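Spelled out, the chains give:
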Amino acid sequence: MIPQDIANTIVDPKAYAAWTPVDEAFRYLRREAPLEQAQPEGFDPFWVVTRQDDIREVELKNELFHNGDRSTVVTTIEADKKVRALMGGSPHLVRSLVQMDNPDHGNYRRLTQGWFQPQNLRALEDRIRVIARGFVDRMAAHGDRCDFAKDVAFLYPLHVIMEVLGVPEVDEPRMLKLTQELFGNADPELNRSAGQLQDVDQALLALQGTIADFIAYFNEMTEDRRAKPRQDVASIIANGMIEGQPLGHLEAMSYYIIVATAGHDTTSSTTAGALWALAENPEQFRAVKNDMSLVKGLIEESIRWETPVKHFMRTATEDAELAGRKIAKGDWMMLSYPSGNRDEAVFEDPFKFDVTRTPNRHVAFGYGAHVCLGQHLARMEMRVLWEELLPRLQSVELDGQPRRMEASFVCGPKSVPIRFKMN
């Protein structure tokens, strides 16, 4: 069994906000207990998968290791019990692609997959470039200092995905707030209660309120798109058919929610984390500024470095073996993506931010059938932003201490204050 202090650290939202405690915990595990069970206080035991090769193996065996049988996110015994009571036995408050296994996963994924393929995204590039240029201009208008996370990184991918989805610009602040409430439920500055949540009931109530707001919004959008379909993803979800039947209500609402949240938040975190890293590593900033062919390397390294999705859980559907360990049917498993992306067996000097790193075999987008649907859009958004920003950005440095979200599932920087000079 994993030492108790390590087990408690890897589920602690504050530890992820602090960054170093989690890095150190997983470094210890990769060395001493790369596949071992943990039982943090108040949690059922679960296996912690820390090495990249093992993470990839689990991700590839979708029939053996399910997403949907138990909670897809690490959760306490008490919270799991209360969610199941609310949801008629299901461990999930929503049922998106993330919570699905085949055949549902494949059927629902195919609905929108075409929208997010590189050949289709190329038609969007000119529009994305106009949006990126506008945000660079807005950054320049701040003078010589801004909060890059709040003023640029949060807003640019948000605007892109809301156009793709079909949400009007006037509603973007609402979507950002709801996204931060959903992923930042453990963060006193971001959650719905705007304070420290005292117990499971309060935390669950806050989450339910956020999800209810999303559902009310997307119910209205569904009615509109069924009456007047458009060329947007909302119209595909509203009018989609699975095996000759319309999407179930929970599944449709969950589809909207995952596109409207994960569709920008993870890209925002990576973009904010990239500039934070460049500000702390001026030689890396100069390298990519002087050789724009390194932008691809900057993107992949910042995705590896930040790894916005910290974990997903899987459940063994039968007895199995992984890395020489016996996994029993029903066992719960945590796939730690930050650990896989710091794996010394895969990366030379993994704790160094290096835009020239090649190959960069990270697992930040997942792997196999559940690989991130929006990965190509995310890469394009980041590439276009850096192509627009870096030629104009003469210098950048931190202007205060950046801060991260308190969350153990999806999180990244929430404030990156910078001083800069622009052309």
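Residues numbered from 1 in each chain as written. Predicted model: local features only at pLDDT ≥ 70, side-chain atom pairs only at ≥ 80, totals over all residues. Heavy atoms only, no water.

Colleague: Account for the overall build of the chain, with residues named and values stated.
Modeller: When its secondary structure is counted, the chain shows 18 helices and 14 strands. The globule rule puts the C-alpha radius of gyration for 423 residues at 22 Å, and the 21 Å found for the chain is close to it. Summarising its shape, the C-alpha atoms of the chain cover approximately 60 × 55 × 40 Å along the three principal directions. In the chain, which comprises 423 residues, the share counted as buried stands at 57%. Expressed as a percentage of contacts within the chain between residues at least 6 apart in sequence, the contacts between residues at least 24 apart total 72%. Counting every atom, the chain has about 17400 Å² of accessible surface; 50% of that belongs to carbon and sulfur. Taking the average place of the 49 positive charges on the side chains of the chain and the average place of its 62 negative ones, the gap between the two points comes to 3 Å. (Helix = DSSP H or I, 4+ residues; strand = E, 2+ residues; numbered from the N terminus. Rg over C-alpha atoms; globule rule 2.2 N^0.38 Å. Buried < 20%, exposed > 50% of the residue type's maximum accessible area, 1.4 Å probe, protein only. Contact = heavy atoms within 4.5 Å. Areas by Shrake-Rupley, 256 points an atom, 1.4 Å probe, with all protein chains shown as cover. Lys, Arg positive; Asp, Glu negative; His and termini not counted. Charge placed at Lys NZ, Arg CZ, Asp CG, Glu CD.)

Colleague: I'd like a description of the pattern of salt bridges, backed by residues and values.
Modeller: Summed over the entire model, instances satisfying the criterion amount to 39 salt bridges. For glutamate 181, the salt bridge goes to arginine 192, with nearest N and O atoms at 2.8 Å. With glutamate 181 in helix α11 (residues 172-183) and arginine 192 in the loop between α11 and α12 (200-227), this pair connects stretches of sequence that are 11 residues apart. It is possible to trace a salt-bridge network through shared partners that takes in Glu125, Arg129, Arg133, Arg383, Glu387 and Glu388. (Salt bridge = Lys/Arg side-chain N within 4 Å of Asp/Glu carboxyl O.)

Colleague: Explain the nonpolar core to me, using residue names and the numbers behind them.
Modeller: Among the nonpolar cores identified, the biggest contains 132 residues, and Phe46, Met139, Phe148, Met175, Phe218 and Trp386 are the most heavily contacted of them. The contact partners of phenylalanine 218, leaving out residues within four places of it in the chain, are Leu165, Val167, Met175, Met253, Tyr256, Ile257 and Ala260. (Core = buried A, V, L, I, M, F, W, Y, C linked by side-chain atoms within 4.5 Å.)

Colleague: Could you give an account of the packing of aromatic side chains, naming the residues involved and the relevant values?
Modeller: Taken as a whole and judged by the stated rule, the model has 12 aromatic pairs. Stacked on the ring of tyrosine 367, the Lys or Arg arginine 56 has its end atom at 4.4 Å from the ring centre. The ring of phenylalanine 347 carries arginine 304 above its face, with NZ or CZ at 5.1 Å from the centroid. (Phe/Tyr/Trp six-rings, centres within 6.5 Å; stacked < 30°, edge-to-face > 60°. Lys NZ or Arg CZ within 6 Å of the ring centre and 35° of its normal.)

Colleague: Got a sec to walk through unusual backbone geometry? Specific residues and values, please.
Modeller: The amide bond that connects asparagine 102 to the next residue, proline 103, takes the cis arrangement and shows omega of 5°. Looking at the element boundaries, proline 103 is found in the loop between α5 (77-86) and α6 (104-113). Backbone torsion omega between threonine 358 and proline 359 reads -5°, so that peptide bond is classified as cis. Counting through the fold element by element, proline 359 comes out in the loop between α17 (337-340) and α18 (375-389). Within the chain, alanine 323 stands out as a residue other than glycine whose phi angle is a positive 50°. Even without being a glycine, aspartate 349 presents a positive backbone phi close to 50°. You can see aspartate 349 is positioned in the loop between α17 and α18.

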